[in-house]
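Per-entry structural report
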Amino acid sequence: MTKDSLRSPPLSTTFAETHTFFEAFSELCFSDVTGILRDARVPHILLVDIQKSLHALNESLAAHREAWRYVGVASEVKRQETIRTSSTISADVNGQRKRWRDEMKQRSQIWKERASRSANSALFEQEEMESLTSACNIWVNRLRHTLEVVLLVAGEVSPHFPTYEHSSRLGIAHMLERQRRLGLRPSDSYLPLDGQLRKSIGGAQPAVGLMKTVYSRHGDEIDVMVEVRPYSNTSAEAVRQLTWYLSSSTPLGEPETPPNTSDGYGMLTLRCLGYVDDPGNARSLILYRSPKSHPWASSPASLHDTIAKGWNAKPSLGHRFQSARTLAATVLDIHTSGFLHSNITPRNISMLPRHFNDTELSPYLVGWGVEAPHSEAPSPLEPNLYRHSSQFGRGAQTLTTEQDIYSLGVVLLEIGLWTTMSTVFAKLLESAPRFGVKEEKATFKKVNRVILDLAYSNDMRREMGGKYAQVVKKCLEWSQEDAVESMLEFRKQIVDILDVRCGL
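Read on for a plain summary of the structure. (Residues numbered from 1 in each chain as written. Predicted model: local features only at pLDDT ≥ 70, side-chain atom pairs only at ≥ 80, totals over all residues. Heavy atoms only, no water.)

**A closer look at the overall build of the chain**
The helix and strand inventory of the chain stands at 19 helices and 10 strands. Only carbon and sulfur atoms are counted for the fraction: they give 51% of the accessible area of the chain, which is about 23200 Å². (Helix = DSSP H or I, 4+ residues; strand = E, 2+ residues; numbered from the N terminus. Areas by Shrake-Rupley, 256 points an atom, 1.4 Å probe, with all protein chains shown as cover.)

Rendered as structure tokens:
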């Protein structure tokens, strides 16, 4: 493949994985009878997005394709001529699917041959190949995400829905499981965990943040992070439903693989193991597997606590962009599964290292929102500082993606200015820590006016640049009626813009 192909397994592995993805993608999307893009429920906007991604990938390979014209690997010139004559992919869903499928098969076969160990022509330097693989990864990740949206829209119907083998080859098995569980009830066999925690968690433990301890079950010990959920805030049945949705089917004893969302649009969150029912203290305890990268002794700090340490603890500019991008990609992944977080605040973001040698921490979303029991009591102000107008105070019963995106915008504002909303609104929190139904609209207007002023301020542009400021403003003013279009635009206008800035 390159002069270093035999000594460079990562490149060979990347191209092998790319080939596997496109082979499965072509079979699932473009096959004559069961191609999922034949489903009438798939919106035209998704077909166009796939078309654009394939075209961009085709362009990124242009220089390498030109060089390979002069190498006689399995009738390369003939295959390239075939691709050139059909490189313009039509969005006409009724007449062009066969051309899409044929082009994908042709290109997939070429990549397969080029990635083989027998292809040892010294065409490109290592840096050139790394640039190519980076471009491939960008468009593969985008195609994977668009496919996940397609499957969310189409639903689990035969014969279009992928098999487990297909979903594994495409790298979307976990996403499909979350989509499948959405709206379903846990089975009768899903019960509270029956093991023991090494460290007792007192009744005074606050209902925010995580506490690290060890969970023992049948002689096995697992490092865990514990989240407290009082019955007064979250019913035991709601916790059962939430943890069933979040839980992995992986056995408890299986080693944890560190998540990696530096590429793609994946969610960075802790693996949920289940819950412990604690009626004696009128609460439930949600258990997450502790990352192996995290030092044993300490419970993780929240993003709020990290920012509250001040500018001396402020990470590098590039890392703040990376944290913002990770949070945005996590929100996108949640929405792509058809779910909502509904409680995004800096106190519900735990800062943890992804790997042992990480010097800076990454944000993990916890504190998932559920429908709270009805109460006539005044609403606390601080968590409402992060809530959309339709969710502020008691809010409407309907939960929407716009609410999550607004909350994300406020958190990104804090990351950009490196100051907490509790600091910004310190006087208001002191004078009016709670508010009633009659004050909801006036209180939201007062809070929202200050937040928007900060987002539009020179301080934000000076600290993070115009692009980041624009991202924050778009989140705070997000308005997309169509759910599919909203996801694609959020990916384009928020996640991808932050991704470009992460190299700073």
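**Description of the sheet that holds strand 4 (residues 272-278)**
Read across the sheet, five strands follow the order 1-2-3-5-4 without closing on themselves; strand pairing throughout is antiparallel. Each end of this open sheet is capped by a strand with a single partner; those strands are strand 1 (196-197) and strand 4. Sheet topology places strand 1 next to strand 2 (residues 211-217); two bridges connect them, and they run antiparallel. Looking across to strand 2, one finds that Leu-197 is bridged to Tyr-215. Set on the sheet, helix 9 (residues 236-246) makes contact with strand 3 (220-230), strand 4 and strand 5 (283-289); between it and strand 4 the angle comes to about 165°. (Pairing = 2+ DSSP bridges. Contact = heavy atoms within 4.5 Å. Axes fitted to C-alpha atoms, helices over the stretch in contact; angles between N-to-C directions.)

**Quick word on the sheet that holds strand 7 (residues 349-352)**
Pairing is antiparallel in the open sheet, where three strands are placed in the order 6-7-8. Since the sheet does not close on itself, it has two edges, and those belong to strand 6 (301-302) and strand 8 (362-365), each with one partner. One ladder, built from four bridges, connects strand 7 with strand 8; its direction is antiparallel. Considered in strand 8, the bridge of Met-351 is made with Pro-363. Sitting on the sheet, helix 11 (residues 317-336) touches strand 7 and strand 8, and the angle it makes with strand 8 is about 25°.

**A closer look at the packing of aromatic side chains**
Ring pairs (aromatic) are described by centroid distance and by the angle formed between their planes. Per the stated rule, a full pass over the model turns up 11 aromatic pairs. Each ring, one from Trp-478 and one from Phe-490, has its centre 5.9 Å from the other, and the planes form 85°; the classification is edge-to-face. Of this pair, Trp-478 sits in the loop between helix 18 (466-476) and helix 19 (483-501) while Phe-490 sits in helix 19, placing them 12 residues apart in sequence. The class of Trp-478 is buried, set by a relative accessible area of 8%. Ring pairs connect the aromatic residues Phe-21, Phe-22, Phe-25 and Phe-30, which therefore count as one cluster. It is Arg-491 that lies over the ring of Tyr-265; its NZ or CZ is 5.9 Å from the centre. (Phe/Tyr/Trp six-rings, centres within 6.5 Å; stacked < 30°, edge-to-face > 60°. Buried < 20%, exposed > 50% of the residue type's maximum accessible area, 1.4 Å probe, protein only. Lys NZ or Arg CZ within 6 Å of the ring centre and 35° of its normal.)

**Observations regarding the nonpolar core**
Residues Phe-25, Tyr-288, Leu-412, Ile-451, Tyr-468, Phe-490 and Leu-498 are the most contacted members of the largest nonpolar core, which totals 105 residues. Considering every element that reaches this core, the biggest residue donor is helix 6 (residues 126-154), with 10 residues. Listed in part, the 12 residues of the second largest apolar core include Val-224, Leu-273, Val-276 and Leu-287. (Core = buried A, V, L, I, M, F, W, Y, C linked by side-chain atoms within 4.5 Å.)

**Examining helix 8 (residues 173-181)**
Every buried residue of helix 8 is accounted for by Met-175, Leu-176, Arg-178, Gln-179 and Arg-181. Taken from the residues just after helix 8, Gly-183 is the one with a positive phi, measuring 85°.

**As for the pattern of salt bridges**
Scanning all chains against the criterion turns up 19 salt bridges. Of the charged contacts in the structure, one is a salt bridge between Asp-278 and Arg-283, with a shortest N-O distance of 2.6 Å. No difference in accessibility class separates Asp-278 from Arg-283, as the two residues are buried. One salt bridge in this structure joins Asp-499 and Arg-325, with 3.6 Å as the shortest N-O distance. (Salt bridge = Lys/Arg side-chain N within 4 Å of Asp/Glu carboxyl O.)

**Considering the side chain of Arg-178**
Topologically, Arg-178 is positioned in helix 8. A distance of 2.3 Å separates a polar atom in the side chain of Arg-178 from a polar atom in the side chain of Asp-333. A polar side-chain atom of Arg-178 sits 3.4 Å from a polar atom in the side chain of Ser-337. When residues no more than four places from it in sequence are discounted, the contact partners of Arg-178 are Tyr-245, Met-267, Asp-333, Ile-334 and Ser-337. (Polar contact = N/O pair within 3.5 Å; in protein donor to acceptor, adjacent residues only side chain to side chain.)

**Points about the pairing of strand 3**
Across the 11 residues that make up strand 3, a large majority, eight, are buried. For strand 2 and strand 3, the ladder comprises seven bridges, and the chain directions are antiparallel. Bridge pairing in strand 3 links Ser-216 to Glu-221. Where strand 2 hands over to strand 3, the hairpin turn is made up of two residues, of which His-218 adopts a positive phi near 55°. Direction of pairing for strand 3 relative to strand 5: antiparallel, over a ladder of seven bridges. Each residue of the ladder has a partner; that of Val-226, found in strand 5, is Leu-287.

**Some thoughts on the packing of helix 16 (residues 440-455) against helix 18**
Think of two packed helices as two axes; the pair is described by the angle between the axes and how far apart they sit. Their axes nearest at 9 Å, the elements helix 16 and helix 18 cross at an angle of 155°. Taken together, the axis directions place helix 16 and helix 18 in an arrangement best described as roughly antiparallel. Every pair of crossing elements has a handedness; the one defined by helix 16 and helix 18 is left-handed. Where helix 16 abuts helix 18, its residues Ile-451, Leu-452 and Ala-455 lie against Ala-469, Val-472, Lys-473 and Leu-476. Classifying every residue of the contact of helix 16 with helix 18 by side-chain character gives six nonpolar, no polar and one charged. (Parallel < 35°, antiparallel > 145°, perpendicular 65-115°, else oblique. Left-handed = near helix turned anticlockwise from the far one by under 90°. Nonpolar A, V, L, I, M, F, W, Y, C, P; charged D, E, K, R; others polar.)

**A few points about the packing of helix 11 against helix 13 (residues 401-417)**
Helix 13 packs onto helix 11 with a crossing angle of 170° between their chain directions and a minimal axis gap of 10 Å. Looking at the two axes, helix 11 sits roughly antiparallel to helix 13. For the pair helix 11 and helix 13, the contacting residues are Arg-320, Ala-324, Leu-327, Ala-328, Val-331 and His-335 in the first and Thr-401, Asp-404, Ile-405, Leu-408, Val-411, Leu-412, Ile-415 and Gly-416 in the second. Classifying every residue of the contact of helix 11 with helix 13 by side-chain character gives nine nonpolar, three polar and two charged.

**Regarding helix 13**
Look at helix 13: 25 Å from first C-alpha to last across 17 residues, which is about the 24 Å you get at 1.5 Å a residue. Looking one or two residues beyond helix 13, the residue adopting positive phi is Trp-418, at roughly 50°. (Expected span 1.5 Å × (residues − 1).)

**Some points on the environment of Ser-457**
Locating Ser-457 in the fold gives a position in the loop between helix 16 and helix 17 (458-464). The spacing of Ser-457 and Ala-469 is 12 residues in sequence and 8.7 Å in space, taken between C-alpha atoms. A distance of 2.6 Å separates the side chain of Ser-457 from the backbone oxygen of Leu-454, its partner in a polar contact. Within polar-contact distance, the side chain of Ser-457 engages the backbone nitrogen of Met-460 at 3.3 Å.

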